[in-house]
Each structure stands twice: as C-alpha cells, then as structure tokens.
Amino acid sequence: MKICVFLSAADLDERYTAPAREFAELLGRGGHTLVWGGSDVGLMKVVADGVERAGGTLCGVSVGFLAHVARPGVADMVTAGDLGARKALLLEKADAVVVLVGGTGTLDEMTDLLELRRHGLTRKPLVVLNTAGYYDGLRSQLERMEAEGFLSVPLAELVHFARTGREALDHVTRRLRAGGRGDGAPTVTEAV
Ligand SMILES: CC(C)=CCNc1ncnc2c1ncn2[C@@H]1O[C@H](COP(=O)(O)O)[C@@H](O)[C@H]1O
C-alpha cells in the first residue's frame with residue numbers, strides 16, 4: 001500500500017520517536033511505500049529512515065521553500081510549488097493517510113483532508129495515531145462538533161483514532177479491502 005504520513009518536522013522526545021519508529025518498521029517490513037513531505041528533518045527523518053531500513057519504499061513531495069531540507073537520494077521525489085499543491089499531490093499519490101504527532105503543519109494537512117472527506121471529495125481512509133494521548137484534545141473538540149451539530153456526517157465516518165501503529169495499519173487494510181482504493185471513492189482525478 002502507499003501510505004501518506006503527516007507528521008512533525010521537529011526533533012522530539014523518545015516517547016514520540018519510539019512509536020513512530022515502530023510504525024515505520026511496520027510499513028517497511030510490509031513492503032509498503034511511505035508517501036511523505038520529503039524532508040530529512042525531525043520526526044519526518046526518523047520515519048523515512050525507519051521505512052527505508054526495513055525494506056520499504058520512499059515517495060517524497062517537497063515544496064519549493066523547503067527544498068533545501070529534502071532528503072537526498074530519493075528517486076521518487078517531486079517538489080510542489082506551494083503548500084496547497086503539495087497537499088493535493090500527497091493525497092493523489094497515496095491509498096490512505098495516517099497522521100502521527102505534529103504541530104500546525106500536520107494540523108493543516110489533517111484538517112484539509114477531514115474537510116475533503118466531509119464533503120465526499122475523497123474517501124481515502126484517514127487514521128490518527130494517537131500516541132501518548134497527544135490528540136485527546138483534538139478528539140474532544142471533534143466530538144463536541146459532532147454532538148452540537150457542526151458536522152454533517154458522523155465523526156466515525158471521517159476519521160479513525162488508533163492507539164498503535166499496528167491498529168492504524170490494520171484499519172487502513174480493512175477499509176481498502178472493503179472498498180478497493182479509496183473505498184469506493186471518486187477517482188483520484190476527481191478526488192483531489
Ligand atoms: C528549515 C527546516 C528545518 C524546515 C523543516 N520544516 C518542514 N519541513 C518539511 N515539511 C514541513 C516542515 N514544516 C512543515 N512541514 C509540513 O507540515 C508537516 C510538519 O509540520 P509540523 O512540524 O507538524 O508543524 C509535515 O507533514 C510537512 O508536510
């Protein structure tokens with residue numbers, strides 16, 4: 001599978017890097033492709049290193065103003081003109097998206113996809129890996145949106161919160177098996 005991972009570009013504590021490394025190893029050992037922002041810094045590097053070391057493939061989508069931190073030696077690397085184009089390309093190249101811990105960049109990428117899913121513009125599965133309860137606050141906010149009528153579709157149809165990398169990958173596998181690529185979604189061209 002081609003799994004797009006949104007995640008932090010920062011150098012983080014072991015309680016975040018260890019589960020990210022574990023997830024990367026799962027991807028690599030499964031022969032999957034990591035589709036990611038292409039940078040060779042912080043958690044993005046930890047995961048790219050881990051996937052490559054475990055035998056997976058890398059597919060990077062950098063962006064002009066960050067091209068100087070793009071990972072060298074990746075055959076499948078493109079550079080988008082701006083962040084919007086980068087998000088569209090990341091989604092286009094992936095079968096599903098898994099979100100690891102991150103800051104505003106990750107939040108931007110995740111909410112963009114939540115909105116596309118809410119309007120039925122893509123059905124590519126979205127899983128949030130809630131390492132160390134990092135996204136408990138976001139989850140509460142989304143649950144409040146759902147409870148008070150701000151979401152037009154059930155939250156469970158938009159995103160799945162997983163506790164472990166294995167659970168995240170299993171969820172994606174089940175979803176894709178159930179409905180094929182994008183679980184019955186519009187084609188990639190229509191979707192992004
Ligand atoms: C000069 C330097 C060290 C830049 C590193 N900074 C970045 N490098 C690559 N992608 C980034 C960077 N900042 C934000 N992004 C995008 O936003 C996400 C990370 O942002 P954040 O760290 O969660 O908020 C990544 O998924 C990536 O697609």
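Everything numeric here is computed off the predicted structure, so don't read it as measured data. (Residues numbered from 1 in each chain as written. Predicted model: local features only at pLDDT ≥ 70, side-chain atom pairs only at ≥ 80, totals over all residues. Heavy atoms only, no water.)

1. Remarks on the overall build of the chain
Each helix and strand in the chain was counted, giving eight helices and seven strands. Taking the principal axes of its C-alpha atoms as reference, the chain extends roughly 45 × 35 × 30 Å. For the chain, the proportion of its 192 residues judged to be buried stands at 45%. As displayed, the chain has an accessible area near 9000 Å², and 51% of this comes from carbon and sulfur atoms. (Helix = DSSP H or I, 4+ residues; strand = E, 2+ residues; numbered from the N terminus. Buried < 20%, exposed > 50% of the residue type's maximum accessible area, 1.4 Å probe, protein only. Areas by Shrake-Rupley, 256 points an atom, 1.4 Å probe, with all protein chains shown as cover.)

2. Thoughts on the layout of surface pockets
Regions of empty space are outlined by a rolling probe, equal in size to a water molecule, passed over the atoms. Estimated volume of the largest pocket: approximately 310 Å³. Around the largest pocket, the lining comprises 20 residues; the ones closest to its centre are Ala9, Met44, Arg86, Gly105 and Glu109. Listing elements by their share of the lining of the largest pocket, those giving two or more residues are strand S1 (2-6), helix H3 (83-93) and helix H4 (104-118). Here the lining of the largest pocket is composed, by residue class, of ten nonpolar, six polar and four charged. (1 Å grid on protein atoms, 1.4 Å probe; cavity = no way out; pocket = protein on both sides within 12 Å on 5 of 7 lines; lining within 4 Å. Points joined across faces, edges and corners; volume = space filled by probe spheres on them. Nonpolar A, V, L, I, M, F, W, Y, C, P; charged D, E, K, R; others polar.)

3. Concerning the confidence of the model for the chain
Across the chain, pLDDT averages 94, with 93% of residues at or above 70. This model gives residues 183-192 a pLDDT under 50, and the stretch forms 18 contacts once residues within four places in sequence are excluded. (pLDDT = per-residue confidence, 0-100. Contact = heavy atoms within 4.5 Å.)

4. Quick word on H4
Taking 1.5 Å of rise per residue, 15 residues should cover 21 Å, and H4 covers 20 Å from first to last C-alpha, within 8% of that figure. Downstream of H4 by a residue or two, Gly120 has a phi angle that is positive, lying close to 70°. (Expected span 1.5 Å × (residues − 1).)

5. Structural notes on H3
Arg86, Lys87, Leu90 and Leu91 are the residues of H3 that are buried. Taken down its axis, H3 places every buried residue within 130° of arc, on the same side. Capping the start of H3 is the job of one residue whose side-chain oxygen sits 3.1 Å from the backbone nitrogen of Gly84: Asp82. (Arc of directions from axis to C-beta. Polar contact = N/O pair within 3.5 Å; in protein donor to acceptor, adjacent residues only side chain to side chain.)

6. Structural notes on the environment of Arg123
With respect to the helices and strands, the residue Arg123 is situated in the loop between H4 and strand S6 (126-129). C-alpha separation for the pair Arg123 and Glu157, spaced 34 residues apart in sequence, amounts to 9.5 Å.

7. Thoughts on the packing of helix H1 (residues 14-29) against helix H2 (residues 42-53)
Interaxial distance between H1 and H2 falls to 7 Å at its minimum, and their mutual angle equals 35°. As H1 runs across H2, the sense of the crossing is right-handed. Seen from H1, the contacting residues are Tyr16, Thr17, Ala20, Arg21, Ala24, Glu25, Leu27 and Gly28; seen from H2, they are Leu43, Val46, Val47, Gly50, Val51 and Arg53. Its residues assigned to classes, the contact of H1 with H2 comprises eight nonpolar, three polar and three charged. (Axes fitted to C-alpha atoms, helices over the stretch in contact; angles between N-to-C directions. Left-handed = near helix turned anticlockwise from the far one by under 90°.)

8. What about the packing of aromatic side chains?
Counted by the stated rule, this structure contains two aromatic pairs. With a centroid separation of 5.7 Å and 75° between ring planes, the pair formed by Tyr16 and Tyr134 is classed as edge-to-face. With Tyr16 in helix H1 and Tyr134 in the loop between S6 and helix H5 (136-147), the pair connects residues that are 118 residues apart, well separated along the chain. Judged by relative accessible area, which is 14%, Tyr16 ranks as buried. (Phe/Tyr/Trp six-rings, centres within 6.5 Å; stacked < 30°, edge-to-face > 60°.)

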